[in-house]
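If you want the building blocks of each chain, they are given just below.
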Amino acid sequence: MIDRSAPRKLAAELRSRFEALGAVPVEPPFLLPADTLLDLYGEDIRGRAYVTYDPARGEMFMRPDFTVPVVQMHMAQGAEPARYTYAGEVFRRQEENPERANEYLQVGYEIFDRTNPVAAEAEVFGRIAEVLKPMGLRAVMGDIGLLHAAVQGLETTDKRKAALLRHIWHPRRFRALLDRFAGRVPLSAARKALLAQADPMANAGPLIGLRSEGEIRDRLAALKADAEAAPISAHQVELIEALLAVRETAPFALEQLRDLAVDMPSISKAVERLSDRIDALKALGIDVDTLEFEANYGRTSMEYYDGFVFGFVAADRPDLPPVATGGRYDALTAQLGQGSAIPAVGGVIRPGLVLDLGGLS
Ligand SMILES: N[C@@H](Cc1c[nH]c[nH+]1)C(=O)O
């Protein structure tokens, strides 16, 4: 039988620690309404949520994390600035990694504060680093905002940029799209033949699918426009590749990114923000000279991150998921804010993993 008492006790202790540091404890519901909240998680988590049906409330799902319900709660009734903490179970199906837990505890710390976002990022990271210090874990950080800015700066159509942005979370599809938009892979013969026809619908049989003629025509027009768009230049593709390959301790990563920003001015602001973040971490006593920065980090996790992301992992246990993770999710507050938004950042610790790895003393 799973021992629940030890992780539960540790979770309560950690939540008390965050409370003592000024965070307000919150208890979001276990069951969330699917129609308003499920899509906010993105494809991966959406596909792994336990969904059920309630005759009065419609489709519901078991919370796969706390961030979305906490944002919803804050946007509906929270005063600013706010710091929250919570402890409780989250639920995620694990078809691909059946050895991983499908329900486990998280203890979190979230900040909603518009005064100094970089300081808030350092605070979240610093609080979690402080708790996990006895474990000697490897900390990694990344920045989804850098990738966003790099894609936004490409000289290509807005449609192509939007497609690349959607696929930041699927590194292989992102790669394939980039290759296609750069003209590195030729159009298939079937696609060429289709687009060569004056009116591909002219000789089509009766409509038997779900899409209407109008929708099919829109799709054909979009394919045609894309086939006619100029390829993204090899130079710009190389810059994106160089950006994604940055993997260094923070000071060296910053140096490389500054070099890249000379040719990719769209990332300059995000690079300077990283520089400020590193200074803020240093001011909290974090050893930034050994802190790793990976531009690719966080591209397979929660799709609501849009800036700073981080994780703490056991270097000698690559089989285990990260002991702690977190990041910035400003856009999520806008999505749930009905017209208002606030910069927000947070992170969680998994007490069960802390104990599996020998605990905090
Ligand atoms: N909710 C995230 C962690 C997090 C909290 N705050 C920001 N990020 C997760 O479950 O992975």
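All of these numbers come straight from a predicted model, not from anything done at the bench. (Residues numbered from 1 in each chain as written. Predicted model: local features only at pLDDT ≥ 70, side-chain atom pairs only at ≥ 80, totals over all residues. Heavy atoms only, no water.)

### Thoughts on the overall build of the protein
Move 1: A tally of helices and strands in the protein yields 15 helices and twelve strands.
Move 2: Relative to its length of 361 residues, the protein is compact, with a C-alpha radius of gyration of 23 Å against a globular reference of 21 Å.
Move 3: Along the first, second and third principal axes, the C-alpha atoms of the protein reach 70 × 55 × 40 Å.
Move 4: Evaluated residue by residue, the protein yields a buried proportion of 47% over its 361 residues.
Move 5: Within the protein, contacts between residues separated by at least 24 positions form 70% of all contacts whose residues are at least 6 apart in sequence.
Move 6: Total accessible area on the protein is roughly 18300 Å²; 53% of this is exposed by carbon and sulfur atoms.
Move 7: For the protein, the separation between the mean place of its 42 positive charges and that of its 51 negative charges on side chains is 3 Å. (Helix = DSSP H or I, 4+ residues; strand = E, 2+ residues; numbered from the N terminus. Rg over C-alpha atoms; globule rule 2.2 N^0.38 Å. Buried < 20%, exposed > 50% of the residue type's maximum accessible area, 1.4 Å probe, protein only. Contact = heavy atoms within 4.5 Å. Areas by Shrake-Rupley, 256 points an atom, 1.4 Å probe, with all protein chains shown as cover. Lys, Arg positive; Asp, Glu negative; His and termini not counted. Charge placed at Lys NZ, Arg CZ, Asp CG, Glu CD.)

### As for helix H4 (residues 67-77)
Move 1: Where H4 is concerned, the buried positions are Thr67, Val68, Pro69, Val70, Val71, His74 and Met75.
Move 2: Along its buried surface, H4 packs onto strand S2 (31-33), helix H2 (34-37), strand S5 (82-91), strand S6 (103-112) and helix H14 (330-336).

### Thoughts on the sheet that holds strand S10 (residues 308-313)
Move 1: The strand order across the open sheet built from nine strands is S1-S5-S6-S12-S11-S10-S7-S9-S8, with neighbouring strands paired in mixed fashion. Lying at the two open borders of the sheet, with one neighbouring strand each, are strand S1 (24-25) and strand S8 (247-249).
Move 2: Pairing of strand S11 (residues 324-328) with strand S12 (residues 344-349), which is carried by five bridges, proceeds in the antiparallel orientation. Across the sheet, residue glycine 327 finds its bridge partner in S12, namely glycine 346.
Move 3: In the packing of helix H5 (residues 117-132) onto the sheet, contacts are made with S5, S6, strand S7 (138-143), S10, S11 and S12, and the angle to S12 comes to roughly 10°.
Move 4: Those strands touched by helix H6 (residues 144-152) are S7, strand S9 (292-294) and S10, and its axis lies near 25° from that of S7. (Pairing = 2+ DSSP bridges. Axes fitted to C-alpha atoms, helices over the stretch in contact; angles between N-to-C directions.)

### Comments concerning the UniProt feature "binding site: L-histidine" (unreviewed entry) in the protein
Move 1: The UniProt feature table records "binding site: L-histidine" (unreviewed entry) at Asp65, Phe66, Thr67, Arg92, Gln106, Glu110, Arg299, Tyr304 and Tyr305.
Move 2: For phenylalanine 66, the position within the fold is in the loop between strand S4 (58-62) and H4.
Move 3: A relative accessible area of 2% means that phenylalanine 66 is categorised as buried.
Move 4: Look past the residues within four positions of phenylalanine 66 in its chain and what remains in contact with it is Pro28, Tyr86, Ala87, Gly88, Glu89, Val90 and Gln106.
Move 5: Mapped onto the elements of the fold, glutamate 110 is located in strand S6. (UniProt positions renumbered as here; feature names shortened; annotations may be inferred.)

### Topic: the site of the ligand
Move 1: Near the ligand there are 16 residues, and of these Asp65, Thr67, Arg92, Gln106 and Tyr305 occur at the shortest range.
Move 2: Threonine 67 places a side-chain nitrogen or oxygen 2.8 Å from a nitrogen atom of the ligand.
Move 3: Coverage of the ligand by the protein chains reaches 97% of its 300 Å² of free accessible surface.
Move 4: Elements represented by at least two residues in the shell around the ligand include exactly S6, S11 and S12.
Move 5: Residue classes in the shell around the ligand are distributed as six nonpolar, seven polar and three charged. (Near = heavy atom within 4 Å. Polar contact = N/O pair within 3.5 Å; in protein donor to acceptor, adjacent residues only side chain to side chain. Nonpolar A, V, L, I, M, F, W, Y, C, P; charged D, E, K, R; others polar.)

### Let's talk about unusual backbone geometry
Excluding glycine, residues mostly carry a negative phi; peptide bonds, for their part, are mostly trans.
Move 1: Residues glutamate 80 and proline 81 are joined by a peptide bond in cis, for which omega reads -15°.
Move 2: Residue position: proline 81 is located in the loop between H4 and S5.
Move 3: Look at glutamine 338: it is not a glycine, yet its phi comes out positive at around 45°.
Move 4: On the secondary structure map, glutamine 338 appears in the loop between H14 and S12.
Move 5: Residue class for glutamine 338 comes out exposed when judged on its relative accessible area of 80%.

### Observations regarding the pattern of salt bridges
Move 1: With the rule as written, the count across this model stands at 30 salt bridges.
Move 2: Between aspartate 143 and arginine 277 there is a salt bridge, with the nearest N and O atoms lying 3.2 Å from each other. Note that aspartate 143 is positioned in strand S7 and arginine 277 in helix H13 (residues 268-283), a separation of 134 residues in sequence.
Move 3: For aspartate 143, a relative accessible area of 4% corresponds to the buried category.
Move 4: A salt bridge links arginine 184 to aspartate 179, with the nearest nitrogen and oxygen atoms 3.0 Å apart. (Salt bridge = Lys/Arg side-chain N within 4 Å of Asp/Glu carboxyl O.)

### Let's talk about the sheet that holds strand S3 (residues 51-54)
Move 1: Sheet architecture is open: three strands sit in the order S2-S4-S3, paired in antiparallel fashion. Every interior strand has two partners, whereas the edge strands, S2 and S3, have only one. Taking each pair of neighbouring strands and ignoring which way they run, the sheet shows an average axis angle of 40°.
Move 2: Across three bridges, the pairing between S2 and S4 is antiparallel. Paired with proline 33 across the strands is methionine 60, a residue of S4.

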